[in-house]
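# A closer look at the structure
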Amino acid sequence: MNYSDIKFTDMINGKGIRVTLFVSGCSHRCKGCFNKETWNSEYGVPFTKDIQENILEYFERFNSSMKGLSLLGGDPTYHKNVETLKDFCTEFKRRFPKKDIWIWSGFTWEQIITDPKKYELLKLCDVLIDGKFMEELKDVNLKWRGSSNQRVIDVQSTIKNNNE
Ligand code: SF4
């Protein structure tokens, strides 16, 4: 998996102070996409174990002020990204069980849960912003999403409610 950027101390993409990872690779080709260069999964540089460890060490160093990790793209649920992010999120939750993970996907909740590999990754997360960006539904007043078709979903409560 390649990534294009890491924002340490990000306060825009999710609640509180976060580390945000922008991964490469996206198949959705939304009209009006603000990040077209990240469609190519080769864009950026490889996400190595050393980079992963840098992020985890950053959380250790600034533990009390950090709220969580945000995964954007590109699309973190792009098929080439899922395994690496699953490993990363598993390790993140093992070391920081009280911190949250927000994930953005061009796929909808319904599409993700029918794909076992993507669903495994989703289950490690706390908040999903789902769906393609739709230019005709663009609204700059929305928080954390670009168009009104996208939803901000509490992952763990939704899984729990669906299983009851
Ligand atoms: S899902 Fe996001 S990165 Fe992918 S094309 Fe749509 S807006 Fe761009």
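Above this text you will find the structure in question.
Being a predicted model, the structure only gives us computed values, none of them experimental. Once a new chain begins, its residue numbering starts again from 1 and follows that chain's sequence as written. Residue-level local features of this predicted model are given only where pLDDT is at least 70; pairs of side-chain atoms are given and counted only at 80 or more, and the full residue set underlies all totals for whole chains, interfaces and linings. Side-chain numbers come from the whole structure's heavy atoms, not from hydrogens or water.

## Some thoughts on the overall build of the chain
Helix and strand definitions follow DSSP, with helices as H or I runs of at least four residues and strands as E runs of at least two, each counted in order from the N terminus. Summing up its helical and strand segments, the chain has five helices and seven strands in all. Counting from the amino terminus, helix and strand elements in the chain follow one another as β-β-β-α-β-α-β-α-α-β-β-α. The C-alpha radius of gyration of the chain comes to 15 Å, within 12% of the 15 Å expected for a compact globule of 164 residues. Once the C-alpha set of the chain is aligned to its principal axes, its extents read approximately 45 × 40 × 30 Å. For the chain, the residues scored as buried account for 45% of the 164 residues in total. Note on contacts: a residue pair is in contact if any heavy atoms of the two residues lie within 4.5 Å. For the chain, the proportion of contacts with a sequence separation of at least 24, taken over those separated by at least 6, is 64%. Under the convention used here, a 1.4 Å probe and the Shrake-Rupley method define accessible areas, while residue burial counts only the protein chains that appear. Only carbon and sulfur atoms are counted for the fraction: they give 51% of the accessible area of the chain, which is about 8,800 Å². Side chains of the chain give 25 positive and 23 negative charges; the mean places of these two sets differ by 2 Å. Atoms counted for the radius of gyration: C-alpha only. Globule rule: 2.2 Å times the number of residues to the power 0.38. Summary of the burial criterion: residues with accessible area below 20% of their type's maximum are buried, those above 50% are exposed, and those between are partly exposed, where the area comes from a 1.4 Å probe applied to protein chains only. When charges are counted, Lys and Arg are positive and Asp and Glu negative, with His and the chain ends excluded. Lys charges are placed at NZ, Arg charges at CZ, Asp charges at CG and Glu charges at CD.

## Looking at the site of the ligand
Near is defined per residue: the residue qualifies when any heavy atom it owns lies within 4 Å of the molecule or strand. Around the ligand, the surrounding shell consists of Cys26, His28, Arg29, Cys30, Cys33, Trp39, Gly74, Gly106 and Phe133. The residue classification treats Ala, Val, Leu, Ile, Met, Phe, Trp, Tyr, Cys and Pro as nonpolar and Asp, Glu, Lys and Arg as charged. All others, Gly included, are polar. Of the residues assigned to the shell around the ligand, the class counts are five nonpolar, three polar and one charged.

## A closer look at unusual backbone geometry
Along the chain, Gly73 connects to Gly74 via a cis peptide bond; the corresponding omega equals 10°. Its location among the elements puts Gly74 in the loop between strand S4 (68–72) and helix H2 (82–95). With a phi angle near 60°, Thr9 is a residue other than glycine that sits in the positive phi range. As for its placement among the helices and strands, Thr9 is situated in strand S1 (residues 2–10).

## Remarks on the pattern of salt bridges
Salt bridge, as used here: a side-chain nitrogen of Lys or Arg that lies within 4 Å of a carboxyl oxygen of Asp or Glu. Under the defined criterion, the tally for this structure stands at 15 salt bridges. In this structure, the salt-bridge partner of Glu60 is Arg95, at a minimum N-O distance of 3.1 Å. Linking Glu60 in helix H1 (residues 49–61) with Arg95 in helix H2, this pair joins segments that are 35 residues apart in sequence. Exposure remark for Arg95: the relative accessible area of 23% places this residue in the partly exposed category. Linking Asp130 and Arg151 is a salt bridge whose minimum nitrogen-to-oxygen distance equals 2.5 Å. Placement of Asp130 in strand S6 (residues 127–130) and of Arg151 in strand S7 (residues 151–154) is noted, with a sequence separation of 21 residues between them. Accessibility expressed as a relative area gives 32% for Arg151, which makes it partly exposed.

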